[in-house]
Amino acid sequence: MTEQTTGNPFWSPAVAKLQPYVPGEQPKSTARLIKLNTNESPYPPSPKAQAVLTAEGIGEHLRLYPDPESTELRATIAAQFGLTPEQVFVGNGSDEVLAHAFYSFFQRPEPLLFPDITYSFYPVYCQFYGIDSHQLPLRDDFSIDVADYNIENAGGVILPNPNAPTGRYLPLADIEKLLQMHPQRVVVIDEAYIDFGGDSAVSLIERYPNLLVVHTLSKSHALAGLRLGYAMGQAHLIEGLNRAKNSFNSYPIDSIAQKVATAAIADRAWLVDNCAKVIATREHTCAALSAMGFDIIPSTANFIFAKPPGVSAEVLFEALRARNIIIRYFNKPRISEYLRISIGTDEEMDALIEACREVL
Ligand SMILES: *Cc1c(COP(=O)(O)O)cnc(C)c1O
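Residues numbered from 1 in each chain as written. Predicted model: local features only at pLDDT ≥ 70, side-chain atom pairs only at ≥ 80, totals over all residues. Heavy atoms only, no water.

An unreviewed UniProt entry annotates the protein as Histidinol-phosphate aminotransferase of Microbulbifer bruguierae.

Draft legend 1. Region of interest: the sheet that holds strand β4 (residues 133-136). Read across the open sheet, the seven strands follow the order β2-β8-β7-β6-β5-β3-β4; overall the sheet is mixed. What marks the edges here is a single partner per strand, and that holds for β2 (88-91) and β4. Pairwise comparison of adjacent strand axes, ignoring direction, gives a mean angle of 20 degrees for this sheet. Across four bridges, the pairing between strand β6 (residues 187-190) and strand β7 (residues 211-216) is parallel. Along β7, the bridge assignment pairs isoleucine 189 with valine 213. Across the face of the sheet, helix α4 (residues 93-106) comes into contact with β2, β3 (112-115), β5 (156-160), β6, β7 and β8 (229-233) while running at roughly 160 degrees to β7. (Pairing = 2+ DSSP bridges. Helix = DSSP H or I, 4+ residues; strand = E, 2+ residues; numbered from the N terminus. Axes fitted to C-alpha atoms, helices over the stretch in contact; angles between N-to-C directions. Contact = heavy atoms within 4.5 Å.)

Draft legend 2. Fine view of the domain arrangement of the protein. Per the domain assignment, the segments of the protein are domain 1 (47-266) and domain 2 (268-360). Computed from C-alpha atoms alone, the centre-to-centre distance between domain 1 and domain 2 is 26 Å. Tallying the contact residues gives 30 residues for domain 1 and 22 residues for domain 2. In total, about 2,100 Å² of surface goes out of reach between domain 1 and domain 2, with carbon and sulfur atoms giving 62% of it. By the criterion of area lost to domain 2, the three top residues of domain 1 are Phe142, Pro165 and Phe196, representing 33% of everything that side buries. On inspection of domain 1 and its partner domain 2, the count reaches two salt bridges. (Domains from an automatic or database assignment. Buried area = accessible area lost by both parts, 1.4 Å probe. Salt bridge = Lys/Arg side-chain N within 4 Å of Asp/Glu carboxyl O.)

Draft legend 3. Highlighting the UniProt feature "domain: Aminotransferase class I/classII large" (unreviewed entry) in the protein. Here the UniProt-annotated "domain: Aminotransferase class I/classII large" (unreviewed entry) positions come out as residues 33-355. In this annotation, residues 33-355 is assigned 36% helix and 15% strand; the end-to-end C-alpha distance for the span is 13 Å. (UniProt positions renumbered as here; feature names shortened; annotations may be inferred.)

Draft legend 4. Quick peek at the layout of surface pockets. Reported here for the largest pocket is a volume of approximately 800 Å³. Along the wall of the largest pocket there are 40 residues; nearest its centre are Tyr21, Tyr119, Lys219, Arg328 and Arg340. The leading source of residues in the lining of the largest pocket is α4, at four residues. Of the residues contributing to the lining of the largest pocket, the split by class is 18 nonpolar, twelve polar and ten charged. What the second largest pocket holds in volume is close to 430 Å³. Considering the residues around the second largest pocket, the lining is formed by 20 residues, among which Ala99, Tyr125, Phe128, Tyr129 and Phe248 are closest to the centre. Secondary structure elements with two or more residues in the lining of the second largest pocket: α4 and α5 (121-129). Ranked by the residues each element gives to the lining of the second largest pocket, the list is headed by α5, at six residues. Its residues assigned to classes, the lining of the second largest pocket comprises twelve nonpolar, five polar and three charged. (1 Å grid on protein atoms, 1.4 Å probe; cavity = no way out; pocket = protein on both sides within 12 Å on 5 of 7 lines; lining within 4 Å. Points joined across faces, edges and corners; volume = space filled by probe spheres on them. Nonpolar A, V, L, I, M, F, W, Y, C, P; charged D, E, K, R; others polar.)

Draft legend 5. Layout of the site of the ligand. In the vicinity of the ligand, the contacting residues are Gly93, Ser94, Asp95, Tyr119, Pro160, Asp190, Ala192, Tyr193, Thr216, Ser218, Lys219 and Arg227. Interatomic distance of 3.0 Å between a backbone N/O atom of aspartate 95 and an oxygen atom of the ligand. Within the contact set of the ligand, an oxygen atom lies 2.5 Å away from a side-chain nitrogen or oxygen of threonine 216. More than half of the atoms belonging to the ligand lie within 2 Å of the grid points that define the largest pocket. Partitioned by chemical class, the residues of the shell around the ligand number four nonpolar, four polar and four charged. (Near = heavy atom within 4 Å. Polar contact = N/O pair within 3.5 Å; in protein donor to acceptor, adjacent residues only side chain to side chain. Sits in = over half its atoms within 2 Å of the grid points.)

Draft legend 6. Examining empty space enclosed by the protein more closely. In total, this model carries two cavities of 30 Å³ or more according to the counting rule given. Empty space within the largest cavity amounts to approximately 60 Å³. Elements supplying a minimum of two residues to the lining of the largest cavity: α3 (71-81) and α9 (268-291). Partitioned by chemical class, the residues of the lining of the largest cavity number four nonpolar, three polar and two charged. Forming the walls of the second largest cavity are Glu191, Ala192, Tyr193, Ile194, Asp195, His215, Thr216 and Ser220. Each residue belonging to the lining of the second largest cavity can be placed in one class, and the counts come to three nonpolar, three polar and two charged.

Given below as structure tokens:
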């Protein structure tokens, strides 16, 4: 499907050359499956968010275009983080927010800096927008050495914190160093997993005009199907994103998504509780797999990155697949001996642990 590079007479040359992102498998039926491959929440979203969907008049409302500025949603996000609505941008999933950020800030002659092992959409956006990249190797323990990023003539920096797919967290003091190294360029911190134990860089926005922090409702808010992500930064950066957005699609967030997301973000108590459950299951799973001899990278996310003992990652991946448990295997340099396992319910993780025992 994505292998085609020679093209079709109707495709533009640019499209013929693309190598699109390949998402984790989304099987048609998940009935008998333990699905631990794309970092979704094992629990349903906030009841307050769900209640929006059955509210009277919600269907009738679709007659009208949505609010192009998502005013209420942005105000709710701003209030949650002590920002103003002018410091918030929303998009159709954080992938769309990131795409606009690449377009708005990183299209420059100098290369964009990011880790060699990271979210695999970054190189895809680079290719899409013709941006050069300089990929800096993680240390052998998969940690980031920010001193490596002290490179003159960089077009910007992007990294997930915690990193994906390693789950490793970078302290805010290191993020400040990156911001200070590149005062004339934007540093994007992609905090898709920050609610599972890290400190958000949002607290630095006031002091750093070059910081953009990106969040998603797909993981910690259990709303992957809603497609809602947002960026926070000083108003001049948000204005840059709006220029790109309003040149592409002025209504990216439908009116139902605006209402569901607003209710979800306002329900902070649900978020804290949901993340605490996932963290407790993560710690229990890490302890059990560690005891079996897995090498586990310390995780601050809703997944773990682990190397199985005595059997290759690919073999274990296939053996689990045969037992209806799907996790993520990356056939890539440096990480082909590791598996990324999303945190499910306690029962799902017990089934995973049991299946690993059988295979090993
Ligand atoms: C899941 C993920 C995203 C994408 O989130 P969506 O809001 O679902 O598009 C972005 N960045 C990282 C690092 C992720 O893991």
